[in-house]
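Here are the chains, one letter per residue:
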Amino acid sequence: MVINMSQIRNPFFNRHRITDPAYFFGRARELERLYSAVATPQCVALVGERKMGKSSLLTHVACPAVLESFGFDPALHLCVYLDLEGLSSARRDDFWAEVLDSVATQLPPGDMSQTLQRQLDAGEVRFLTARRSLRRIRDTGLEIVLMLDEFESLARNGQFEPDFYGELRSLAGELGLVLLTASKRSLYDLTYENASTLASPFFNIFSEMPINLMSETDARQILTGLSQNAGVGFCDDEVNLGLELAGPHPFFVQVVGTHLFETPGRGASRPPEIREVIRKRFAAEAEDHYRYIWASLDSSEQSGLLSLSHASDAQLKGLRAKSLVREIEGRPAPFGGAFAAFLERERHKQQSTLGEIGGASSDLTGKTLGAYRVLEPLGRGGMAEVYK
């Protein structure tokens, strides 16, 4: 008996960087812009919140089959992906050694590959050594795309001083090396937050590309495409249920796809009791992620989320940038139905806390009211008390 594993294995297993192009869907506009940068050449900074798919997008750009589909010859392009989170305490020489090591593994067998390997085996690799090697590679007709993920890790590393970023900038100018970075914060913000390391001329060579919530079309592609690849595709009713719960958030679409796939009845409209099972299972897995999001927000962002209809333009702008709010029929709303339900629970918690405090004691010192902590009374008069 032959078992078709593609029809058994849940295809919605990706919770981290997607490395297999068969599991990547959507982001066509972003891919076009990145490949335009490769062709030009230009430097682009991908900026977006965690779990938006920045790492997966960079990885997909480097895939030979995808390169070829956009008209590039994979044999003439070296796409070097580096996860800089592992270099948060590294030295500058470690960075250049990592770059050359990644380049060496992609070069065809021959003198160039052997020369690079000997340089790496000899010990420390400094910038001038790396530049000479990259220039020789460029002169053979190969184009190099250097993709730097988790770029904040370098910006916060005091061992990477301003002249290091000058070195990177010089490679882009002199060799035409394409730099693609991915970070949660913009390079502009990182520069001024880490003035002792990042130098302002560095971010001037980049154009910024926000990576936010997906379009609903892209989110549908994930649910329909992955389920069809596994044998039995989701029907429209199942896809609509998934999008109602998760919204067009790439990470939560994967999560809801998992529970749609594993719950009995795949490929047809689910009865109410099964829909409720899917809702509960999705909410249980998503809860910790929602709590992490909530805890990372400041008091203004939290209050804006809890009352979107009264949020200021500045609050809404910030919440959209964090991919927490989308537009539904021209009005701001939480990105997904399950997240909206989480926010409703948070709202009730705050109201309950206020009610308990008001009934239990007239002294609010030391109490927590939503995102605020009461420190001390400032004054009292009439029917009111003022606290700091």
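Before any of the text, the structure's been laid out above.
Residues numbered from 1 in each chain as written. Predicted model: local features only at pLDDT ≥ 70, side-chain atom pairs only at ≥ 80, totals over all residues. Heavy atoms only, no water.

A few points about the overall build of the protein chain
In terms of helices and strands, the protein chain carries 17 helices and 11 strands. When the 388 residues of the protein chain are sorted by exposure, 46% land in the buried category. Element-wise, carbon and sulfur atoms account for 51% of the exposed surface of the protein chain, whose accessible area totals about 19400 Å². (Helix = DSSP H or I, 4+ residues; strand = E, 2+ residues; numbered from the N terminus. Buried < 20%, exposed > 50% of the residue type's maximum accessible area, 1.4 Å probe, protein only. Areas by Shrake-Rupley, 256 points an atom, 1.4 Å probe, with all protein chains shown as cover.)

Digging into the pairing of strand β7 (residues 331-334)
As paired strands, strand β6 (residues 325-328) and β7 are joined by 4 bridges and run antiparallel to one another. By the bridge assignment, glutamate 327 is partnered in β7 with proline 332. Where β6 hands over to β7, the hairpin turn is made up of 2 residues, of which glutamate 329 adopts a positive phi near 55 degrees. (Pairing = 2+ DSSP bridges.)

Some points on helix α16 (residues 313-321)
Within α16, the full set of buried residues consists of Gln315, Leu316 and Leu319. Buried residues in α16, looked at end-on, bunch into an arc of 95 degrees, giving them a common side. Away from its buried face by more than 90 degrees, α16 exposes Asp313, Ala314 and Lys317. As for α16, its buried residues are in contact with α15 (299-306), β6 and β7. Once α16 ends, the next one or two residues include serine 323, with phi positive near 60 degrees. (Arc of directions from axis to C-beta. Contact = heavy atoms within 4.5 Å.)

So, the packing of aromatic side chains
By the definition in use, this model includes 26 aromatic pairs. Ring pairing ties together the aromatic residues Phe95, Trp96, Phe127, Phe151, Phe160, Phe164, Tyr165, Phe202 and Phe206, which thus form one cluster. Between the NZ or CZ atom of arginine 50 and the centre of the ring of tyrosine 292, over which it lies, the distance is 4.3 Å. (Phe/Tyr/Trp six-rings, centres within 6.5 Å; stacked < 30°, edge-to-face > 60°. Lys NZ or Arg CZ within 6 Å of the ring centre and 35° of its normal.)

Brief notes about the packing of helix α13 (residues 250-262) against helix α14 (residues 272-295)
Contact geometry of α13 with α14 gives a least axis separation of 9 Å together with a crossing angle of 155 degrees. Comparing their axes, α14 and α13 come out roughly antiparallel. Crossing angle aside, the handedness with which α13 passes α14 is right-handed. Each of Phe251, Phe252, Val255, Val256, His259 and Leu260 in α13 lies in contact with α14, whose residues at this interface are Ile278, Arg281, Phe282, Glu285, Ala286, His289, Tyr290 and Ile293. Of the residues belonging to the contact of α13 with α14, the class tally is 10 nonpolar, 2 polar and 2 charged. (Axes fitted to C-alpha atoms, helices over the stretch in contact; angles between N-to-C directions. Parallel < 35°, antiparallel > 145°, perpendicular 65-115°, else oblique. Left-handed = near helix turned anticlockwise from the far one by under 90°. Nonpolar A, V, L, I, M, F, W, Y, C, P; charged D, E, K, R; others polar.)

A few points about the environment of arginine 50
Residue placement: arginine 50 occurs in the loop between β1 (43-47) and α2 (54-61). Given a relative accessible area of 35%, arginine 50 falls into the partly exposed group. With 201 residues separating them along the chain, arginine 50 and phenylalanine 251 place their C-alpha atoms 9.3 Å apart.

Some details on α13
Residues three or four positions apart in an α-helix share a direction because the helix packs 3.6 residues into each turn. For α13, with 13 residues, the first-to-last C-alpha span of 19 Å sits near the 18 Å given by 1.5 Å per residue. Of all 13 residues in α13, 12 are buried, a share of seventy percent or more. If you follow the buried residues of α13, they end up packed against α11 (216-229), α12 (236-246) and α14. (Expected span 1.5 Å × (residues − 1).)

Some details on the sheet that holds strand β3 (residues 143-149)
Here 5 strands make up an open sheet; going across it, the order is β2-β3-β4-β1-β5 and the pairing parallel. Among the strands making up the open sheet, the edge pair consists of β2 (77-83) and β5 (206-210). Sheet twist, expressed as the mean angle between neighbouring strand axes with direction ignored, is 15 degrees. Alignment of β2 against β3, held across 7 bridges, turns out to be parallel. By the bridge assignment for β3, leucine 78 is matched with isoleucine 144. Along the sheet, helix α1 (residues 28-39) makes contact with β1, β2, β3, β4 (178-183) and β5, crossing β5 at roughly 165 degrees.

Quick notes on the nonpolar core
Ranked by internal contacts, the top residues of the largest apolar core, which has 69 residues, are Phe282 and Leu305. When near neighbours in sequence (up to four residues on either side) are disregarded, phenylalanine 282 contacts Leu245, Ala246, Phe252, Val255, Val256, His259, Tyr290 and Ala338. Membership of the second largest hydrophobic core comes to 42 residues, among which are Leu84, Leu116, Val125 and Leu168. (Core = buried A, V, L, I, M, F, W, Y, C linked by side-chain atoms within 4.5 Å.)

Re unusual backbone geometry
Here the amide bond leading from threonine 40 into proline 41 is cis, since omega sits at -10 degrees, within 30 degrees of zero. Among the secondary structure elements, proline 41 is positioned in the loop between α1 and β1. Non-glycine residue arginine 27 carries a positive phi angle of around 60 degrees. Located in the positive-phi region is glutamate 329, a residue other than glycine, with phi close to 55 degrees. Mapping glutamate 329 onto the fold places it in the loop between β6 and β7.

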